[in-house]
Amino acid sequence: MTQTHARPADTYTPTYFLASLGAGGTAVSFFMYLFFWVPHPGQPVPVFEDIAAAWANGVLPQQIAIVVAMLGIAGFAFLNIKSLIWNLRAFAAFRKTGAWEEMRQSNSESSVLAMPLALAMSVNVAFVLGMVFVPGLWRVVEYLFPMAMVAFALIGVLAFRQLGGFLGRVLSKGGIFDVTAHNSFAQLLPAFAISMVAVGFAAPAAMSTNPVTVGTALVLSTFLGVTAILYTALAAATALNSMLHYGTAREAGPTLLIIVPIVTVLGIMFMRQDHGMHATFGVASDPAEMMIFLARLLSVQVVFLLLGLTVLRAQGYFRDFVLGPKISAGSYALVCPAVALSVMLQFFINKGLVAAGLVDKFGLSYWLLTGVALAAQAVAIWLVLRLNRQHFARPQKLAVPAE
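Residues numbered from 1 in each chain as written. Predicted model: local features only at pLDDT ≥ 70, side-chain atom pairs only at ≥ 80, totals over all residues. Heavy atoms only, no water.

Trainee: Would you take a moment to explain the packing of aromatic side chains for this structure?
Mentor: Aromatic ring pairs: the centre-centre distance and the angle between the two ring planes describe each pair. As enumerated under the stated definition, the model contains 30 aromatic pairs in all. Here F36 and F347 contribute two aromatic rings whose centre-to-centre distance is 5.3 Å and whose plane-to-plane angle is 85°, an arrangement assigned as edge-to-face. Taken together, the positions of F36 in helix 1 (residues 17-37) and F347 in helix 12 (residues 335-354) put the pair 311 residues apart, joining distant regions of the chain. Exposure class is identical for F36 and F347. Each is buried. By the ring-pair criterion, three or more aromatic residues cluster together here, those being Y12, Y16, F17, W86, F91, F94, W100, Y332 and F392. (Phe/Tyr/Trp six-rings, centres within 6.5 Å; stacked < 30°, edge-to-face > 60°. Helix = DSSP H or I, 4+ residues; strand = E, 2+ residues; numbered from the N terminus. Buried < 20%, exposed > 50% of the residue type's maximum accessible area, 1.4 Å probe, protein only.)

Have a look at this one:
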């Protein structure tokens, strides 16, 4: 007879929405190739027609980059959507179990915010797919922006409802929130979700030519961005106090790196707002100021990367949960920092160093620095594929002696 072993993912937790998030972020990281290496006169982002023109007139290295980018976007967007659908179905079934009620009475109730986080990322991925693969999209884009804002508004309402339920429970009565289990940055997940909605709202501010659309996007993204910053500061301060008392929870160790993607997402939000202020309202920005702004954000990321990796190494996390036999859905939190660092480096190099005139675009220094961003992206790709194999591949059936 044979014995079938279940997949680790068959024991569901909402943290698995991070699998969809990681794949979506990796897809967006491939869009950076097109954004910075393909000319796109007339609009702030490259679209299908720009990519086709670059393919027809570009040199071989540029053509190779276009092929890699489009394959990467398509492949990881597929994984993003596939994982999102699986999570939505699994979550619907999970809510009918006793484990759901048990989770709602613990600190881990906030992990449900991974759902709106993944949903917001998938909306961003859908927009990237449209720009890259749909001809003529830019001719109707002004009609799409209000639709995108409605989608992000609905996701934002979902996020606030979920967060409100959690905070209403723990803040209305004493002794419910377990401070001893607050010894990680897991409670920063709501801030990450809100920041992802914020950056989505900021997209029309950067790309639309309609002042009403731009103004609405600026105001709403500002509200959400400020909310995310406040929540991050408060949750991080209280969590750090708990970690100093009780040490960092081992399985939640990767959450120490969550500051990295939050900073990248909010940084992109601020850059989109800056572009919208300039293009629509004539508020000029200086390239040197942008370079310093990005350098400050990158500095924050490096500090928290060093902190997180130091703790994870001391705990032997990679040895056990990434390369070893132990399984934790929280391992997917490792993908986001790698993606976020890669994207932030691309912006720092192109919108910072190149725009300020410190580095020549496509020169030796440019490619040496870009190589660091590509290395971070490679780590993200490897983590997505490795973790998917660990968590979602069904083990082979094993033969066992008949009784």
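Trainee: Is there a simple way to think about the side chain of N124 in this case?
Mentor: Position of N124 among the secondary structure elements: in helix 5 (residues 114-133). Accessibility expressed as a relative area gives 14% for N124, which makes it buried. Sequence-distant contacts of N124, defined by excluding residues within four places in its chain, comprise F152, M196, V199 and G200. (Contact = heavy atoms within 4.5 Å.)

Trainee: Looking at this structure, how should I read a nonpolar patch on the surface?
Mentor: Nonpolar side chains collect at one region of the surface, where W55, V67 and L71 lie side by side and expose about 300 Å² of accessible area between them. Mapping L71 onto the fold places it in helix 3 (residues 60-94). Residue classification places L71 among the exposed residues on the basis of a relative accessible area of 61%. (Patch = residues over 30% accessible without salt bridge, like charges linked within 9 Å, V, L, I, M, F, W, Y side chains within 5 Å. Areas by Shrake-Rupley, 256 points an atom, 1.4 Å probe, with all protein chains shown as cover. Salt bridge = Lys/Arg side-chain N within 4 Å of Asp/Glu carboxyl O.)

Trainee: When you look at unusual backbone geometry in this model, what are you seeing that I'm missing?
Mentor: Backbone phi values are negative for most residues with the exception of glycine, while trans is the configuration of most peptide bonds. Within the chain, F362 stands out as a residue other than glycine whose phi angle is a positive 70°. Overall, F362 belongs to the partly exposed group, its relative accessible area being 42%.

Trainee: Can you help me understand the packing of helix 8 (residues 211-246) against helix 9 (residues 259-281) in this one?
Mentor: A pair of packed helices is characterised by two quantities: the angle between their axes and the separation of those axes. Here helix 8 crosses helix 9 at 155°, and the two axes come no closer than 10 Å. In this view, helix 8 runs roughly antiparallel relative to helix 9, as classed from their interaxial angle. Considering the relative orientation of helix 8 and helix 9, their crossing is left-handed. Contacts between helix 8 and helix 9 involve P211, V214, L218, S221, T222, G225, A228, I229 and T232 from the first element and I259, I262, L266, M269, F270, Q273, G276, M277, T280 and F281 from the second. Here the contact of helix 8 with helix 9 is composed, by residue class, of 12 nonpolar, 7 polar and no charged. (Axes fitted to C-alpha atoms, helices over the stretch in contact; angles between N-to-C directions. Parallel < 35°, antiparallel > 145°, perpendicular 65-115°, else oblique. Left-handed = near helix turned anticlockwise from the far one by under 90°. Nonpolar A, V, L, I, M, F, W, Y, C, P; charged D, E, K, R; others polar.)

Trainee: I would appreciate a short explanation of the packing of helix 12 against helix 13 (residues 364-392) in the present structure.
Mentor: Relative to each other, helix 12 and helix 13 sit at 160°, their axes nearing to 8 Å. The orientation of helix 12 relative to helix 13 falls into the category roughly antiparallel. Relative to helix 13, the crossing made by helix 12 is left-handed. Residues that form the contact of helix 12 with helix 13 fall into these classes: 19 nonpolar, 5 polar and no charged.

Trainee: What exactly am I supposed to notice about the layout of surface pockets here?
Mentor: To find the voids left in a structure, one rolls a probe of water-molecule size over its atoms. Size it by volume and the second largest pocket reaches roughly 790 Å³. Taken together, 34 residues line the second largest pocket, and the ones lying closest to its centre are T13, T15, S108, S111 and A186. Sorting the residues of the lining of the second largest pocket by element identifies helix 4 (98-103), helix 7 (189-207) and helix 12 as the ones contributing at least two each. With 3 residues, helix 4 is the single largest residue contributor to the lining of the second largest pocket. Each residue belonging to the lining of the second largest pocket can be placed in one class, and the counts come to 20 nonpolar, 12 polar and 2 charged. (1 Å grid on protein atoms, 1.4 Å probe; cavity = no way out; pocket = protein on both sides within 12 Å on 5 of 7 lines; lining within 4 Å. Points joined across faces, edges and corners; volume = space filled by probe spheres on them.)

Trainee: Is there a simple way to explain the pattern of salt bridges in this structure?
Mentor: Two side chains bearing opposite charge may form a pair once their charged atoms approach each other closely. Evaluated as defined, the whole model comprises 3 salt bridges. In this structure, the salt-bridge partner of R169 is E109, at a minimum N-O distance of 2.9 Å. Here E109 lies in the loop between helix 4 and helix 5 and R169 lies in helix 6 (residues 141-172), a separation of 60 residues in the sequence. Per residue, the accessibility class of R169 equals that of E109, and both read buried.

Trainee: Sorry if this is basic, but what is going on with the environment of A329 here?
Mentor: Looking at the element boundaries, A329 is found in the loop between helix 11 (317-322) and helix 12. Between the C-alpha atom of A329 and that of L18, which follows or precedes it by 311 residues, the distance is 8.3 Å. Excluding anything up to four places from it in sequence, A329 contacts T13, T15, Y16 and H391.

Trainee: Can you walk me through the environment of F35 in this structure?
Mentor: Of note, F35 is situated in helix 1. When its relative accessible area of 13% is taken as the criterion, F35 is described as buried. Those residues in contact with F35, other than ones at most four positions away along the chain, are H40, P44, V45, P46, F347 and K351.

Trainee: Where do I start with the confidence of the model for the protein in this structure?
Mentor: The predicted coordinates should not be examined in detail at positions where pLDDT is low. The pLDDT averaged across the protein works out to 92; a share of 95% of its residues lies at or above 70. Here residues 1-5 scores under 50 on pLDDT; set against residues more than four positions off or in separate chains, the count is 14 contacts. Low pLDDT, under 50, characterises residues 396-403; the predicted model gives this stretch 12 contacts beyond four residues in sequence or across chains. (pLDDT = per-residue confidence, 0-100.)

Trainee: How should I be thinking about the nonpolar core in this particular structure?
Mentor: Within the largest apolar cluster, 133 residues are counted, with the highest numbers of intra-cluster contacts made by F31, L34, F185, F192 and M196. The biggest single contributor to this core is helix 7, with 15 residues. Other than its neighbours up to four places away in sequence, L34 contacts P46, I51, I66, A69, I73 and V132. (Core = buried A, V, L, I, M, F, W, Y, C linked by side-chain atoms within 4.5 Å.)

Trainee: Please clarify how the environment of S328 should be interpreted in this entry.
Mentor: Relative to the helices and strands, S328 is located in the loop between helix 11 and helix 12. Taking the relative accessible area as the measure of exposure, S328 reaches 6% and is therefore buried. Distance in space between the C-alpha atoms of S328 and A23 is 17 Å, their sequence separation being 305 residues. Excluding residues within four positions of it along the chain, S328 makes contact with E251, Y317, F321 and H391. Within the structure, S328 has its side chain in polar contact with the side chain of E251 (distance 3.3 Å). (Polar contact = N/O pair within 3.5 Å; in protein donor to acceptor, adjacent residues only side chain to side chain.)

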